[in-house]
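Reading the structure
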Amino acid sequence: MTAVLTPARAIGGHVQRSADPVEGAVHEVFVAHYPRLAGWAGHLVGDRDLGHDVATEAFTRLLSHWQHVDDPRPWLYATAGNIVRDHWRKRGREARAYERIQGGQPRPDQAWPAPDQAQLLSVREAVEALPDRLRLPVLLFYFADLSVAEVARQVGRSEGAVKRDLYDARARLATTLEEAR
């Protein structure tokens, strides 16, 4: 039997539940958390459809790791946060590649005045610029509303270390955003 994200299957207009208890449990978590997770991820990547893709990928991974997950909600947000981080890295690599190809010059059909730096820098971009050690705790604590204990469990650090990371991240974000003013 192939694992699918939802245990419900339509047969002749009737919904049939899967006999697989893992699929049933993941389905319950899916119903409870998918909309908010997809919205959170969409907000982080700035694309609603991509946010749904990120959430779907997180649930697909949950299905294959179900036996090792104690609390699915923080696990899903940590997994989605890692997928988002990978997306940001890929986007950064692509931007650098385009920059190299274009030699730092806009295409002739795209001449524009230099934008105001304060308008360019958003909170999301400031969070993206944080080191990996600080970025995921910020995403999980401030954007996914997980507790310090849940964040600590997901990133594999002590609660005190997570509190320090959040403090350091706030200081860096304040400096970055203040410089952009």
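Here goes a summary of the coordinates provided. (Residues numbered from 1 in each chain as written. Predicted model: local features only at pLDDT ≥ 70, side-chain atom pairs only at ≥ 80, totals over all residues. Heavy atoms only, no water.)

1. Some details on the pattern of salt bridges
Counted by the stated rule, this structure contains seven salt bridges. R61 is the partner of E57 in a salt bridge, and the nearest nitrogen-oxygen pair spans 2.8 Å. Of this pair, E57 and R61 both sit in helix α2 (residues 48–65), four residues apart, which is roughly one turn of that helix. Of the residues examined, E57 reaches a relative accessible area of 32% and is grouped as partly exposed. One salt bridge in this structure joins R85 and D86, with 3.8 Å as the shortest N-O distance. With a relative accessible area of 37%, D86 lands in the partly exposed category. (Salt bridge = Lys/Arg side-chain N within 4 Å of Asp/Glu carboxyl O. Helix = DSSP H or I, 4+ residues; strand = E, 2+ residues; numbered from the N terminus. Buried < 20%, exposed > 50% of the residue type's maximum accessible area, 1.4 Å probe, protein only.)

2. Quick notes on the packing of helix α7 (residues 148–155) against helix α8 (residues 159–179)
At a minimum axis separation of 9 Å, α7 and α8 run at an interaxial angle of 100 degrees. Regarding the angle of α7 to α8, the classification is roughly perpendicular. Residues V148, A149, V151, A152 and V155 of α7 lie in contact with α8, whose contacting residues are E159, V162, K163 and L166. Here the residues of the contact of α7 with α8 sort into seven nonpolar, no polar and two charged. (Axes fitted to C-alpha atoms, helices over the stretch in contact; angles between N-to-C directions. Parallel < 35°, antiparallel > 145°, perpendicular 65-115°, else oblique. Contact = heavy atoms within 4.5 Å. Nonpolar A, V, L, I, M, F, W, Y, C, P; charged D, E, K, R; others polar.)

3. Brief notes about the nonpolar core
L37, W40, F59, L62 and L76 are the most contacted members of the largest nonpolar core, which has 44 residues in total. The set of elements that each furnish at least two residues to this core consists of α1 (21–45), α2, α3 (72–102), α5 (123–128), α6 (132–143), α7 and α8. Per-element accounting of this core gives the leading share, eleven residues, to α1. Setting aside residues no more than four positions away along its own chain, L76 makes contact with V29, L37, A58, F59 and L62. (Core = buried A, V, L, I, M, F, W, Y, C linked by side-chain atoms within 4.5 Å.)

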